[in-house]
Amino acid sequence: MGYYNQPPEGRRRPRRTSSFLAGLAGVAVGALLVWFLFQSVPQLMPGAGNNSAGNGTGNGAGAGQQERQSESVSVDVTTDVTEAVDSVADAVVGVTNLQETSDFWSQTEEQEAGTGSGVIYKNDNGRAFVVTNNHVIDGANSIEVTLADGTKVAATLVGTDVWTDLAVIEMDGAAVQDVAEFGDSDALKRGEPVIAIGNPLGLDFSGSVTTGVVSGKDRAIPVDLDGDGTEDWQAEVLQTDAAINPGNSGGALVNLSGQLIGINSMKIATSNVEGIGFAIPINSAIPVIESIEENGEMIRPAMGVTLIDLAQVPQAQREETLSLPADVKEGVVVNSVLDDSAAAKAGMQQFDVIIELDGEAVGDLIELRKHLYNTKEIGDTMAVKAYRNGELMDFELELVDNSAL
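Quick look at the structure, then.

## Observations regarding the overall build of the protein chain
And step 1. When helices and strands are tallied, the protein chain shows 10 helices and 20 strands.
And step 2. Taking all 405 residues of the protein chain together, the buried fraction comes to 37%.
And step 3. For the protein chain, the exposed area adds up to about 22,400 Å²; of that, 49% sits on carbon and sulfur atoms.

Below, the structure is given as structure tokens:
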């Protein structure tokens, strides 16, 4: 029995040897498979991610990619806008209105009554000239200009023009770095990009830049000059959607060449709408600036009339009161004639409809003012064509000093 239950030693040894060899072969095949896997996918090898990260403590390839993505990159962005701003920013300044105040003990001192903006347009023989809005410096006992680099310079008033809301101030030009170049506001197109630069809400936001487009040209905006609730004047303005806020008054509106094409004016902006700002066209401002610089005020040739646009007259009144021919669609209506004025001496009357000056068609009040103020001088003769009761008439006016009226 022992023979059948206990196999001889010679029969058991071959079974253990074959099992060992089979296990050894399995290990070899497994190692070979792992070697082929690492060769085909090197990223799986231990330390591959650390090498790509450049140190021995990373978390593999993902750590290397994450580190590369977190690197900061400096990019120099230059556009037409940035170049325009760079070319004119140093010419845009802050203008502070200082007024005397008294305390309980009747001691007087000067305090800031308001701040606005201004534009340096000339630096000649050590004196620099700044154009700003009349309402920015109105009532000032003294004026202080803050340059783009923060330097403060005392300034004096040269003169103002309440009708166009413009003023010119003068200061020492030693610290002035740049002056603005005048552009051509008549060459602007609707939709053309423009840039407003100024100090909205005060000097804490000095040099602020906003961008937009020319929304409209040759706008006529009614203005109450003396605050009595009655419209005294129609200001000629450019309309833009560039943000113009309190403190921007007197600042620069420039084109993409960095040329000054308008003087921003918050005075004629409206607070209950958005995206509508106004600026005084530089072509209209230049004659005023030059006259103030030379005379201390704007001296205009005058016709001696008050006027309204024909476009504001209802069709029924055009037919019944003015008796205009049906084909007359544009012109300027004489609302009143001042006694002893150039118009009165030439024989003009109320309700005459002006359609032509010196052979040039006149479509509205702005075109009339452009011709009168930009091309004529006191003492000049001006030829006028106007309709009266349906009849076309000719007049000759000898223009006089507006201050005499």
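## Structural notes on the nonpolar core
And step 1. Among the nonpolar cores identified, the biggest contains 25 residues, and V119, V131, L166, L260 and I263 are the most heavily contacted of them.
And step 2. When residues of this core are traced back to their parent elements, those giving at least two are α5 (80-88), β2 (108-124), β3 (127-132), β6 (166-172), β7 (193-198), β10 (252-254), β11 (260-264) and α7 (282-295).
And step 3. For this core, the element with the highest residue contribution is α7, accounting for 5 residues.
And step 4. Those residues within four positions of L260 in sequence are excluded, and the remaining contacts are V119, A180, E181, F182, G183, A252, L253, V254 and I282.

## Remarks on the pairing of β2
And step 1. One ladder, built from 11 bridges, connects strand β1 (residues 92-102) with β2; its direction is antiparallel. Bridging from a neighbouring strand, V93 pairs with G118 of β2.
And step 2. Summarising the sheet, β2 and β3 pair through 5 bridges and their orientation is antiparallel. When the sheet's bridge partners are listed, K122 is paired in β3 with F129.

## So, the pattern of salt bridges
And step 1. Under the definition given, this model contains 9 salt bridges.
And step 2. Two residues, D186 and K370, come together in a salt bridge whose shortest N-O distance is 3.4 Å. Pair noted here: D186 is in the loop between β6 and β7 and K370 is in helix α10 (residues 365-375), with a separation of 184 residues, a long-range link.
And step 3. Across the pair K385 and D394 runs a salt bridge, and its minimum N-O distance is 2.7 Å.
And step 4. The class for D394 is exposed, based on a relative accessible area of 56%.
And step 5. What you see here is one network of salt bridges that share partners, running through D186, D218, E236 and K370.

## Things to note about the sheet that holds strand β9 (residues 233-240)
And step 1. The strand order around the closed barrel built from 6 strands is β7-β8-β9-β12-β11-β10, with neighbouring strands paired in antiparallel fashion. Averaged over all neighbouring strand pairs, the angle between strand axes comes to 50°, with direction disregarded.
And step 2. Across 3 bridges, the pairing between β7 and β10 is antiparallel. Paired with I197 across the strands is A252, a residue of β10.
And step 3. Where α5 meets the sheet, its contacts fall on β7, β8 (208-223) and β10, and the angle it forms with β7 comes to roughly 40°.

## As for the side chain of R300
And step 1. In this fold, R300 is placed in the loop between α7 and β13 (301-302).
And step 2. With residues near it in sequence (within four places) discarded, R300 still touches D161, W163, T164, V288, Y373, I378, V400, D401 and N402.

## A short note on α5
And step 1. Restricting attention to buried positions, one finds in α5 the residues A84, V85 and V88. Projected onto a plane normal to the axis of α5, the buried residues spread over an arc of 100° and lie on a single side.

## Brief notes about the sheet that holds strand β5 (residues 152-161)
And step 1. Read once around its circumference, the closed barrel built from 6 strands follows the order β1-β2-β3-β6-β5-β4, with strand pairing classed as antiparallel. Pairwise comparison of adjacent strand axes, ignoring direction, gives a mean angle of 40° for this sheet.
And step 2. α7 rests against β2, β3, β5 and β6 of the sheet, and its axis sits at about 105° to β5.

## Thoughts on a negative patch on the surface
And step 1. A cluster of acidic side chains, namely D80, E83, D86, D90 and D149, defines a negative patch on the protein surface.
And step 2. With respect to the secondary-structure elements, D80 resides in helix α5.

## Describing the environment of K122
And step 1. Locating K122 in the fold gives a position in strand β2.
And step 2. You can call K122 partly exposed: its relative accessible area is 28%.
And step 3. A sequence separation of 54 residues divides K122 from V176, and the C-alpha atoms of the two residues are 9.8 Å apart.
And step 4. In this view, K122 contacts R127, A128, F129, V179 and E293; residues no more than four positions away in its chain are not counted.
And step 5. Within the local environment of K122, its side chain forms a polar contact with the side chain of E293, the two groups lying 2.4 Å apart.

## Quick notes on unusual backbone geometry
For residues other than glycine, phi is negative in most cases, and the peptide bonds are mostly trans.
And step 1. In this structure, L201 takes a positive phi of about 65° despite not being glycine.
And step 2. For L201, the position within the fold is in the loop between β7 and β8.
And step 3. In the Ramachandran plot, D340 falls in the positive-phi region, its phi being about 60° despite a non-glycine side chain.
And step 4. Here D340 lies in the loop between β15 (332-337) and α9 (342-346).
And step 5. Taking relative accessible area as the criterion, D340 reaches 65% and is therefore assigned exposed.

## As for the environment of K329
And step 1. Residue placement: K329 occurs in the loop between α8 (315-320) and β15.
And step 2. For the pair K329 and I355, spaced 26 residues apart in sequence, the C-alpha separation works out to 9.7 Å.
And step 3. Beyond its immediate chain neighbours, meaning those up to four positions away, K329 contacts L310 and R318.
And step 4. At 3.1 Å, the side chain of K329 forms a polar contact with the backbone oxygen of A326.

About the thresholds
- Residues numbered from 1 in each chain as written.
- Predicted model: local features only at pLDDT ≥ 70, side-chain atom pairs only at ≥ 80, totals over all residues.
- Heavy atoms only, no water.
- Helix = DSSP H or I, 4+ residues; strand = E, 2+ residues; numbered from the N terminus.
- Buried < 20%, exposed > 50% of the residue type's maximum accessible area, 1.4 Å probe, protein only.
- Areas by Shrake-Rupley, 256 points an atom, 1.4 Å probe, with all protein chains shown as cover.
- Core = buried A, V, L, I, M, F, W, Y, C linked by side-chain atoms within 4.5 Å.
- Contact = heavy atoms within 4.5 Å.
- Pairing = 2+ DSSP bridges.
- Salt bridge = Lys/Arg side-chain N within 4 Å of Asp/Glu carboxyl O.
- Axes fitted to C-alpha atoms, helices over the stretch in contact; angles between N-to-C directions.
- Arc of directions from axis to C-beta.
- Patch = residues over 30% accessible without salt bridge, like charges linked within 9 Å, V, L, I, M, F, W, Y side chains within 5 Å.
- Lys, Arg positive; Asp, Glu negative; His and termini not counted.
- Charge placed at Lys NZ, Arg CZ, Asp CG, Glu CD.
- Polar contact = N/O pair within 3.5 Å; in protein donor to acceptor, adjacent residues only side chain to side chain.

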